[in-house]
Amino acid sequence: MDFPTSLAARVRELALTRPEDPAYFVEDRVLSWSGYDAASDRLARILLGLGLIPGERVAVWLPDGPAFHIAFQAPERAGLVCLGLGARCGSRELEHLLRLAEATTFVSAEIMGGGTQAAEMVESLRKAGVEIRNHVIVEGDAFAEEAITIDGRRAELAPESDLEGRGLGPVDDCLFYTTSGTTGLPKIVLHDQLRWFHFHRFAADVGHLTSEDVFMSALPAPFGFGLWTAHFTPTLLGAPTVLMRKFQAAEAIRAMHRHRVTVLAAVSTQFILMLESGGFDDVESLALKSLFTGGEAVPEKRARAFEEATGAYVLQFYGSNETGAVSA
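What counts, and where the lines are drawn
- Residues numbered from 1 in each chain as written.
- Predicted model: local features only at pLDDT ≥ 70, side-chain atom pairs only at ≥ 80, totals over all residues.
- Heavy atoms only, no water.
- Helix = DSSP H or I, 4+ residues; strand = E, 2+ residues; numbered from the N terminus.
- Rg over C-alpha atoms; globule rule 2.2 N^0.38 Å.
- Buried < 20%, exposed > 50% of the residue type's maximum accessible area, 1.4 Å probe, protein only.
- Contact = heavy atoms within 4.5 Å.
- Axes fitted to C-alpha atoms, helices over the stretch in contact; angles between N-to-C directions.
- Parallel < 35°, antiparallel > 145°, perpendicular 65-115°, else oblique.
- Left-handed = near helix turned anticlockwise from the far one by under 90°.
- Phe/Tyr/Trp six-rings, centres within 6.5 Å; stacked < 30°, edge-to-face > 60°.
- Lys NZ or Arg CZ within 6 Å of the ring centre and 35° of its normal.
- Pairing = 2+ DSSP bridges.
- Salt bridge = Lys/Arg side-chain N within 4 Å of Asp/Glu carboxyl O.

**Considerations on the overall build of the protein chain**
For step 1, the next point in the chain: For the protein chain, the helix and strand inventory stands at 10 helices and 19 strands.
For step 2, the next point in the chain: At 19 Å, the protein chain has a C-alpha radius of gyration in line with the 20 Å of a compact globule built from 328 residues.
For step 3, the next point in the chain: For the C-alpha atoms alone, the extent of the protein chain along its principal axes is close to 55 × 45 × 35 Å.
For step 4, the next point in the chain: Burial statistics for the protein chain: of 328 residues in total, 54% are counted as buried.
For step 5, the next point in the chain: Looking at the protein chain alone, contacts between residues at least 24 apart form 72% of all its contacts between residues at least 6 apart.

**Describing the packing of helix α1 (residues 7-17) against helix α7 (residues 224-237)**
For step 1, the next point in the chain: Axis separation between α1 and α7 bottoms out at 9 Å; the angle between their running directions is 45 degrees. One finds that α1 runs oblique with respect to α7. Both α1 and α7 take part in a crossing whose hand is left-handed. Counting all contacts with α1, which are made through Leu 7, Arg 10, Val 11 and Leu 14, the residues of α7 involved are His 231, Phe 232, Thr 235, Leu 236 and Leu 237.

**Some details on the packing of aromatic side chains**
For step 1, the next point in the chain: Inspection of every chain in the model, using the stated rule, returns 16 aromatic pairs.
For step 2, the next point in the chain: Both rings, one in Trp 33 and one in Tyr 36, keep their centres 6.2 Å apart while their planes meet at 35 degrees; by these two values the pair is tilted. Taken together, the residues Trp 33 and Tyr 36, both in helix α2 (residues 33-49) and 3 residues apart, mark about one turn of the helix. Per residue, the accessibility class of Trp 33 equals that of Tyr 36, and both read buried.
For step 3, the next point in the chain: By way of ring pairs, the aromatic residues Trp 196, Phe 199, Phe 202, Phe 225, Trp 228, Phe 232, Phe 292 and Phe 317 are connected into one cluster.
For step 4, the next point in the chain: A cation sits over an aromatic face here: Arg 29 above Phe 143, 4.1 Å from the ring centre.
For step 5, the next point in the chain: The ring of Trp 196 is capped by Arg 195, whose NZ or CZ atom sits 4.4 Å from the centre of that ring.

**With respect to the sheet that holds strand β16 (residues 290-292)**
For step 1, the next point in the chain: The mixed open sheet is built from 7 strands, whose spatial order is β2-β1-β14-β13-β15-β16-β17. A strand with exactly one partner marks an edge of an open sheet, and here the two such strands are β2 (29-32) and β17 (313-315). Here the average twist between neighbouring strands, direction ignored, is 20 degrees.
For step 2, the next point in the chain: Bridge count for strand β13 (residues 215-217) against strand β14 (residues 241-243) is 3 bridges, and the pairing is parallel. Following the sheet pairing, Met 216 is matched in β14 by Val 242.
For step 3, the next point in the chain: On top of the sheet, helix α8 (residues 249-259) reaches β1 (22-26), β13, β14 and β15 (263-265); it is set at about 165 degrees to β13, its chief contact.

**Examining the pattern of salt bridges**
For step 1, the next point in the chain: In the structure shown here, the tally under the stated rule is 21 salt bridges.
For step 2, the next point in the chain: In this structure, Asp 141 engages Arg 29 in a salt bridge whose closest nitrogen and oxygen atoms are separated by 3.0 Å. Placement of the pair is Asp 141 in the loop between β8 (134-138) and β9 (148-150) and Arg 29 in strand β2, with a sequence separation of 112 residues.
For step 3, the next point in the chain: Look at Asp 141 and you get buried, because its relative accessible area is 5%.
For step 4, the next point in the chain: Residue Arg 304 is joined to Glu 300 by a salt bridge in which the shortest nitrogen-to-oxygen separation is 3.0 Å. Here Glu 300 and Arg 304 lie together in helix α10 (residues 300-310), a separation of 4 residues that amounts to about one turn.
For step 5, the next point in the chain: Residue classification places Arg 304 among the partly exposed positions, given a relative accessible area of 48%.
For step 6, the next point in the chain: One network of salt bridges, with partners in common, ties together Glu 27, Arg 29, Asp 141, Glu 145, Glu 146 and Arg 245.

As C-alpha cells, then:
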C-alpha cells in the first residue's frame, strides 16, 4: 500500500479525479471532495493572511461535523501545527492546553456545547493571560460559501500562491494530540502524518477495508478513535463518511440504512444503545460488515449479540495514543 505525500495531497487528488463524489454526509448536507478541498484551501489562506509562520500552533475547538475536518486540513496546508480540542473542554482544560501548546490562533464555532459563547470564553482566557492573538469563528459547517470572521471582522485571504511550498510532509510535526493525564489534566502527544498512515494500513488489513466502504464514525472527532475512523482512513481510501452532530441510537441506525454504511465506529455504550433501540429488527437493508469498538473493556456477550443482530464482525485494537495500535 503506497502512502500519499500528505493527507492534503490525497484530498486534492480526489477533488481532481472524483470532484462530485461525497466525502462527508451530515444530516441532509453533503460535502464533496472538491468542496472539501476548496473549503480547506480557503481556511488555510485565511490563516496565512494572519501572518502565521511555519510551525505556529493553531487550536481547533469545534463540534463534530465537516467543519472540524476542514479546520484540521487547513493548518496542514499552511505549514502549521494543529491542536485538537475536545468540544466539551471547559475553561480550565482550554487554558492548560493552550499554554502547553503555545497556540496563539484559536478556531471555533460561534456557540459551543451547552450554549457556550466562544467569544466570551476567549475573552475570559485572554484575561487569564493566555495569548490568543486571533480568534477565528467559522459559520455552520465551514463550507466555502459560509462566513469566517476573525475577532468580529471579515476574514482576509492570502493569495493562493502563498500556499505553495507551505504544506506539511508525512514526517513533519502536524498534530498536538491531547490524551488523559495522571495529574487530572490532559497531556499532549506530538504526531506526524506517517504515524497515522501506518495505523491506517494496519486497520485496513484487519478490517479488509476498501474504497467501496462507507464509514460512520459516532465518536468525538479530535480523539484517536474518531481521527482514524473519520479523518484519516476514509480519506486515504477515498471512501465517504457519515457524521453525527450528536449521537442518538435510533437516528444512527436510520442513517446506516440510508447511506448503506459498511463500517461503523462506536464505543461500547453506543453500540449497546443501538442494540437496545430495536432498530436492528429489520436488517434487510443493512450493509454493515464490521464494527470497530474499544476505548474500554468491551462486554463479550453484548459484542456477540451485536454480531448476531447485524451479521457484522466486532473488531477492536489494543494500543495507546502514544504508540498507536499494537494488536487487534
